[in-house]
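# Examining the three-dimensional arrangement
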Amino acid sequence: MAGTRLAVTTVDQTYGWGTKTNNFKEEFGRAGILRDETTAIGVEGNKATGMSGDTRSYWFKDGSADNKILLFQSKYQREDDGSITTLAPTIEIRDAKTWAVSHIVNQPADWPSILNVYGAVAGGGFLYAIDFDNSKIAKISMTGSSPYVETAAYTFANPSYPADKSYGVALNADIAANKLYGLFITVDDLWAVNPNYKESTVVEIDLATFSETRRTQRVSVVDYNLNLGRNAFTLERYGNKLYICSIGGKQGGGVPNPGSKLDIIDLAETGDPTGLTFTTAFMAADLTPVLGEGPELRDITFTNDGNAYVLAGYFDPNYNELNGQVLQFPAGNVEPDYLTGVWFFPTYLPNQGAVFAVLANDNNRIWLARGLYVDLCAQEVNNGEALTLLQTKAAYEINGPANTYYLNSVTLYGEDPTVTTAMPLTKRGYQAPAFASTSVRALFERQRLIREDEERRQGIRAKIVAGRKK
């Protein structure tokens, strides 16, 4: 994978709150690039600065096959009465090589369906974006005298659970087949202590009419293991199949969720013209004979040479670190009987953040993204060993200054316009409510979680200092 790049957005520990004036004007959001240099990580920091505290990037090819970055910034404003308002986001189209701004989207006039981009894919002269909070998919023209204007929109509704709320979490496409696929989750109360997640849904959209043609359908209302997984995170396509990793419900601290599984939709299946046919490749519990436990299946990525990598793991009781592994399968047989590699994470010091994404582009390099760091690993190891950590970069080393910085998104991308490989979509962790929604409620929750995390770090540092003085 030498030569590939990773776009990284970071935010300081206040997550856009404003450390001095408390008015969202500190603008500590930044973006930079990491390069795979075979045994080390090259850094091109501060490609974009002065951004909001919730900024993420999405790589795509425009209508001329030029590599572009969609840079999305959530915005907030403190009113005179002390209340906080969510503003229209700032959306920029940038050149992937220079990061120069080539177009600024006029919001909300140009993309009225978009409040919170959570996935993007391009093809056929159009850019398609899925919105988390609005549960919508927008079709955006990239050509003409007024490019990057929304021309059509699809709104997801779940009649099986009319009283519940749905959210858009992932997007993929088969441009050659003129089809778009969106992944939506449904939950009774995203902010409840024990939210009740319902079956996730994948919808198929015809690109010509931009209307829904099929969707995954419930098989049983009793045994949800017969249905598409609950609280799904990942929608990746390989060949004629879509792969969906799901947690199975609320994420648990210290104990894996027993409902976690990997579902596969066969797009070539024509047996049901009204519904998307899917099968469960395996439950996470099916890995117990190999791993000694059933983890949670959190992420999947595919490589050019036909391998699949699955991020499996679960949080510790404090939701600060991930106990898990990277699993390798042949892309055509992603199931326990064909498991070809089990690699544990490198040894990390405490409180460095949970691994939230695995990205790979061939079979000898793996990127791991976690709360405060990005790791470049080699996998020339035996089963049951830890991945070989070639080099790690802290978020502050990417974009600085030497402050407590957190990763907000990582995006594997290319700059060569001749490259046709479909890169993985942007990874933003696990779509936990606080780090997915752009609502004011989510803003407060992000600040609370990061404040608590920083307090834990300060406590650990204090103990270390006290120990040295003895």
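Each value, and the rule that gives it
- Residues numbered from 1 in each chain as written.
- Predicted model: local features only at pLDDT ≥ 70, side-chain atom pairs only at ≥ 80, totals over all residues.
- Heavy atoms only, no water.
- Phe/Tyr/Trp six-rings, centres within 6.5 Å; stacked < 30°, edge-to-face > 60°.
- Helix = DSSP H or I, 4+ residues; strand = E, 2+ residues; numbered from the N terminus.
- Buried < 20%, exposed > 50% of the residue type's maximum accessible area, 1.4 Å probe, protein only.
- Pairing = 2+ DSSP bridges.
- Contact = heavy atoms within 4.5 Å.
- Axes fitted to C-alpha atoms, helices over the stretch in contact; angles between N-to-C directions.
- Salt bridge = Lys/Arg side-chain N within 4 Å of Asp/Glu carboxyl O.
- Polar contact = N/O pair within 3.5 Å; in protein donor to acceptor, adjacent residues only side chain to side chain.

## So, the packing of aromatic side chains
Here the distance between the centres and the angle between the planes together describe a pair of aromatic rings. Across all of its chains, the model carries 11 aromatic pairs by this definition. Measuring from ring centre to ring centre gives 6.4 Å for Tyr154 and Phe184, while their planes differ by 55 degrees; the resulting arrangement is tilted. On the criterion of sequence distance, the pair formed by Tyr154 in strand E11 (residues 149-155) and Phe184 in strand E13 (residues 179-187) is long-range, its members being 30 residues apart. Taking the relative accessible area as the measure of exposure, Tyr154 reaches 7% and is therefore buried. Residue Phe184 is classed as buried on the basis of its relative accessible area of 0%. Taking 4.8 Å as the distance between ring centres and 55 degrees as the angle between the ring planes, the aromatic pair formed by Tyr243 and Phe302 counts as tilted. Placement of the pair is Tyr243 in strand E17 (residues 241-246) and Phe302 in strand E21 (residues 296-302), with a sequence separation of 59 residues. Judged by its relative accessible area of 2%, Tyr243 falls in the buried class. Judged by relative accessible area, Phe302 falls into the buried class, the value being 12%. Put simply, the rings of Tyr118, Phe132 and Tyr167 pair up and form one aromatic cluster.

## Focus: unusual backbone geometry
Peptide bonds are mostly trans, and most non-glycine residues show a negative phi. For the bond running from Gln107 to Pro108, omega is 5 degrees, close enough to zero to count as cis. Structurally, the position occupied by Pro108 is in the loop between strand E7 (101-105) and strand E8 (117-123). With phi around 60 degrees, Tyr148 is a residue other than glycine that occupies positive phi space. Tracing the backbone through its elements, the reader meets Tyr148 in the loop between strand E10 (136-141) and E11. Under the relative-accessibility criterion, Tyr148 is labelled buried at 5%. Of note in this structure, Asn178 is not a glycine but carries a positive phi near 65 degrees. Looking at the secondary structure, you find Asn178 in the loop between strand E12 (165-174) and E13.

## What to know about the pairing of strand E1 (residues 5-12)
Across the 8 residues of E1, 8 count as buried, placing the element largely inside the fold. Neither face of E1 is left uncovered, since the one carrying Arg5, Ala7, Thr9 and Val11 and the one carrying Leu6, Val8, Thr10 and Asp12 both have all their residues buried. Pairing of E1 with strand E29 (residues 405-413) involves 8 bridges; the strand directions are antiparallel. The partner of Asp12 across the bridge, within E29, is Tyr405. In this sheet, strand E2 (residues 29-36) lies alongside E1 in antiparallel orientation, the contact comprising 6 bridges. Residue Val8 lies in a different strand from E2, and its bridge partner there is Gly32.

## Things to note about the environment of Gly29
Mapped onto the elements of the fold, Gly29 is located in strand E2. As for Gly29 and Tyr405, which are separated by 376 residues in sequence, their C-alpha atoms are 9.4 Å apart. Not counting chain neighbours up to four residues away, the residues in contact with Gly29 comprise Thr10, Ala48, Thr49, Gly50, Met51 and Ser52.

## As for the environment of Gly400
Positionally, Gly400 belongs in the loop between helix H2 (395-399) and E29. Of the residues examined, Gly400 reaches a relative accessible area of 12% and is grouped as buried. When sequence neighbours within four positions are dropped, the list of residues in contact with Gly400 reads Arg30, Ala395 and Tyr405.

## Observations concerning the sheet that holds E2
Spatial strand order, E3-E2-E1-E29: 4 strands in an open sheet with antiparallel pairing. Strand pairing shows two members of the sheet lacking a second neighbour, strand E3 (41-51) and E29, which therefore form its edges. Averaged over all neighbouring strand pairs, the angle between strand axes comes to 20 degrees, with direction disregarded.

## Observations concerning the pattern of salt bridges
Using the criterion set out here, one finds 15 salt bridges in the structure. Glu44 is the partner of Arg5 in a salt bridge, and the nearest nitrogen-oxygen pair spans 2.8 Å. Note that Arg5 is positioned in strand E1 and Glu44 in strand E3, a separation of 39 residues in sequence. The buried category is assigned to Arg5, whose relative accessible area is 19%. Two residues, Glu296 and Arg298, come together in a salt bridge whose shortest N-O distance is 2.5 Å. For the pair Glu296 and Arg298, a shared accessibility class is recorded, and that class is buried. One salt-bridge network, held together by shared partners, links Arg5, Arg35, Glu37, Glu44 and Lys47.

## A look at the side chain of Ser74
Among the secondary structure elements, Ser74 is positioned in strand E5 (residues 67-78). Residue Ser74 is classed as buried on the basis of its relative accessible area, which comes to 3%. At 3.3 Å, the side chain of Ser74 forms a polar contact with the side chain of Arg56. Among residues more than four places away in sequence, those in contact with Ser74 are Ser52, Asp54, Arg56 and Thr438.

## Observations concerning the pairing of E5
When you tally the buried positions in E5, you get 9 out of 12 residues, the bulk of the element. Note that strand E4 (residues 55-61) and E5 share 7 bridges and pair antiparallel. Across the sheet, the residue bridging to Ser57 is Leu71, located in E5. Between E4 and E5, which pair antiparallel in sequence order, lie 5 residues; one of them, Ala65, sits at a positive phi of approximately 65 degrees. Between E5 and strand E6 (residues 84-95), which pair antiparallel one after the other, the connecting turn spans 5 residues, and Gly82 there sits at a positive phi close to 95 degrees.

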